[in-house]
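Inside the fold
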Amino acid sequence: MIDYLLALATVTLAWWISTGLVLLLNRLGAQWQRASMLAVTVLVVLSLIYLPGRSEDRSAAGALLGFGQGLVIWAWLEMTYLMGVITGPRNTPCPAGASTARRFWLGLQTSLYHEISVIAMVGLVVLIAGDGPNQVAAATCISLWLMRWSAKLNLFLGVRNYNSDWFPSHLQYLDSYTRRASMNLLFPLSVTIGTGAAVVLLAQAMATVDPFLRSANLLVSALLSLAVLEHWFLMYPFGESALWRWALSPTPASDSGKSDSAVKNVQGMQLTKHP
């Protein structure tokens, strides 16, 4: 159990820091965003270059490094959307009175290009990793991708605890595609499947003496546990914003003159919650 707590602490720290940095960058203005986007892009390229070799590294350290590569790739994907680099063909609010089907279709258009880029990048990671024994980077990306879709569908169907004020000004229109509700039919399924997967991976980690398998399963299990926690954040207020108060403090206005409100849906390595 000590190993699991260490893995959970490692993943939680990465989640907390990465979320705060993205929140902060979205408040500092275009110059900082361009510089950070370039820096993370370089890290993604390096991660992809070294991914084939990492997939053959069957050590506990190799599992941790593979996990880090997956997080860097996912952070880049999140930043491309939140900073407006890759979005979709629609950037206007949902028409009033739109049917559920129409709201879904129009909402999909707000991030269509980004959805395609996410699928392409996750597929590329899986392809590059090949059939090597170390699939932690691929498992990290796939886990975040699936839980992200789950969170987005829950937002569409209706959640209780969601504050549109956390959107940056250029994404404020996305709030019109979400729905407020005390519960939806998908939520129990989402948290049950996510929790079940985390428990299965934890059980597998505890049942092996192989350092690599133990580390790999613990890291992904801890990641899924945080993803489930973020789902609960959507339904019940836990005061989670206090965790990132250091990133949400007032900052100078961006050089574009736009409000740089915080973005709640970038939490962590996140499981993005944007529609």
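Parameters and conventions
- In this convention, every chain numbers its residues from 1, walking through the sequence in written order.
- Per-residue local features of the predicted model are confined to residues with pLDDT of at least 70, and side-chain atom pairs are confined, for both listing and counting, to 80 or more; whole-chain, interface and lining totals are unaffected and use all residues.
- The basis for every side-chain value is the complete set of heavy atoms in the structure, and neither hydrogens nor water enter the calculation.
- A pair is scored as a salt bridge if a Lys or Arg side-chain nitrogen falls within 4 Å of a carboxyl oxygen belonging to Asp or Glu.
- What counts as a helix is a DSSP run of H or I of at least four residues, what counts as a strand is a run of E of at least two, and both are numbered from the N terminus.
- Each residue is placed in one exposure class: buried if its accessible area under a 1.4 Å probe, protein chains only, is under 20% of its type's maximum, exposed if it is over 50%, and partly exposed if it falls in between.
- Counted as a polar contact is a pair of N or O atoms within 3.5 Å, where, for protein atoms, one must be capable of donating a hydrogen and the other of accepting one, and residues adjacent in sequence contribute only when both atoms are in side chains.
- In what follows, residue pairs with any heavy atoms lying within 4.5 Å of each other are defined as contacts.
- Confidence of the predictor at the level of single residues is captured by pLDDT, which takes values from 0 to 100.
- In these notes, a set of buried Ala, Val, Leu, Ile, Met, Phe, Trp, Tyr and Cys residues joined through side-chain atoms within 4.5 Å is what counts as a nonpolar core.
- Side-chain rings of Phe, Tyr and Trp, where Trp is taken by its six-membered ring, are said to pair if the distance between their centres is within 6.5 Å; with planes under 30 degrees apart they count as stacked, over 60 as edge-to-face, and otherwise as tilted.
- Simply put, an axis is a line fit to the C-alpha atoms, just over the touching stretch for a helix, and the angle between two N-to-C directions goes from 0 to 180 degrees.
- Angles are sorted into four bins: roughly parallel if under 35 degrees, roughly antiparallel if over 145, roughly perpendicular if 65 to 115, and oblique for all others.
- The sense of a crossing depends on the near helix, which, turned anticlockwise from the far helix by less than a right angle, makes the crossing left-handed and, turned clockwise, makes it right-handed.
- In this count, Pro and Cys sit with the nonpolar residues alongside Ala, Val, Leu, Ile, Met, Phe, Trp and Tyr, while Asp, Glu, Lys and Arg are called charged and the others, Gly among them, polar.

Comments concerning the pattern of salt bridges
This structure, assessed with the given rule, holds six salt bridges. One salt bridge connects Glu78 with Arg148, and the closest N-O pair in it is separated by 3.5 Å. One end of the pair, Glu78, is in helix 3 (residues 60-82); the other, Arg148, is in helix 6 (residues 136-157), with 70 residues separating them in the sequence. When the shortest N-O distance is used, the salt bridge between Lys152 and Glu115 registers 2.1 Å. Taken together, the residues Lys152 in helix 6 and Glu115 in helix 5 (residues 112-129) connect sequence positions 37 residues apart. Overall, the relative accessible area of 11% leaves Lys152 in the buried class. Of the residues examined, Glu115 reaches a relative accessible area of 7% and is grouped as buried.

Description of the environment of Asp210
Its location among the elements puts Asp210 in the loop between helix 7 (186-207) and helix 8 (211-235). In sequence terms Asp210 and Ser59 are 151 residues apart; their C-alpha atoms lie 9.0 Å from each other. Of the polar contacts made by the side chain of Asp210, one reaches the side chain of Arg58; its length is 2.5 Å.

Observations concerning the side chain of Ser150
By the secondary structure assignment, Ser150 is in helix 6. Residue class for Ser150 comes out buried when judged on its relative accessible area of 12%. Discounting residues that sit within four places of it in the chain, Ser150 has contacts with Leu186, Ser190 and His231.

Comments concerning the confidence of the model for the chain
When pLDDT is averaged along the chain, the result is 86; 87% of the residues meet or exceed 70. Ranking the elements of the chain by mean pLDDT puts helix 9 (residues 245-248) last with 72 and helix 5 first with 97. In this model, residues 252-275 is a region of pLDDT below 50 whose contacts with residues beyond four sequence positions or in other chains number 107 contacts.

Some points on the nonpolar core
Counting residues in hydrophobic clusters, the biggest one holds 51 residues, and the most contacted among them are Met121 and Val125. Elements supplying a minimum of two residues to this core: helix 1 (2-28), helix 2 (30-54), helix 3, helix 5, helix 6, helix 7 and helix 8. At ten residues, the largest contribution of residues to this core is made by helix 3. Aside from chain neighbours lying at most four places away, what touches Met121 is Val44, Leu48, Ile73, Trp76 and Leu77. Counting 15 residues, the second-largest nonpolar core is a separate cluster that includes Val159, Val191, Ala198 and Val228.

Examining the packing of aromatic side chains
In this structure the tally under the stated criterion is four aromatic pairs. Judged by centre distance (5.4 Å) and plane angle (75°), the ring pair of Phe104 and Phe156 falls under edge-to-face. With Phe104 in helix 4 (residues 100-109) and Phe156 in helix 6, the pair connects residues that are 52 residues apart, well separated along the chain. Relative to Trp149, the ring of Trp145 has its centre 5.1 Å away and its plane inclined at 65°; by these criteria the two rings are edge-to-face. With Trp145 and Trp149 both in helix 6 and four residues apart, this pair spans about one turn of that helix. Here a set of aromatic residues connected by ring pairs shows up, and it is made of Phe187, Trp232 and Tyr236.

Some remarks on the packing of helix 7 against helix 8
Contact geometry of helix 7 with helix 8 gives a least axis separation of 8 Å together with a crossing angle of 160°. With respect to each other, helix 7 and helix 8 are oriented roughly antiparallel. Remark: the crossing between helix 7 and helix 8 carries left-handed chirality. Contacts between helix 7 and helix 8 involve Phe187, Ser190, Val191, Gly194, Thr195, Ala197, Ala198, Leu201, Leu202, Gln204, Ala205 and Met206 on the former and, on the latter, Arg214, Asn217, Leu218, Val220, Ser221, Leu224, Ser225, Val228, His231, Trp232 and Met235. Here the residues of the contact of helix 7 with helix 8 are counted per class, giving 14 nonpolar, eight polar and one charged.

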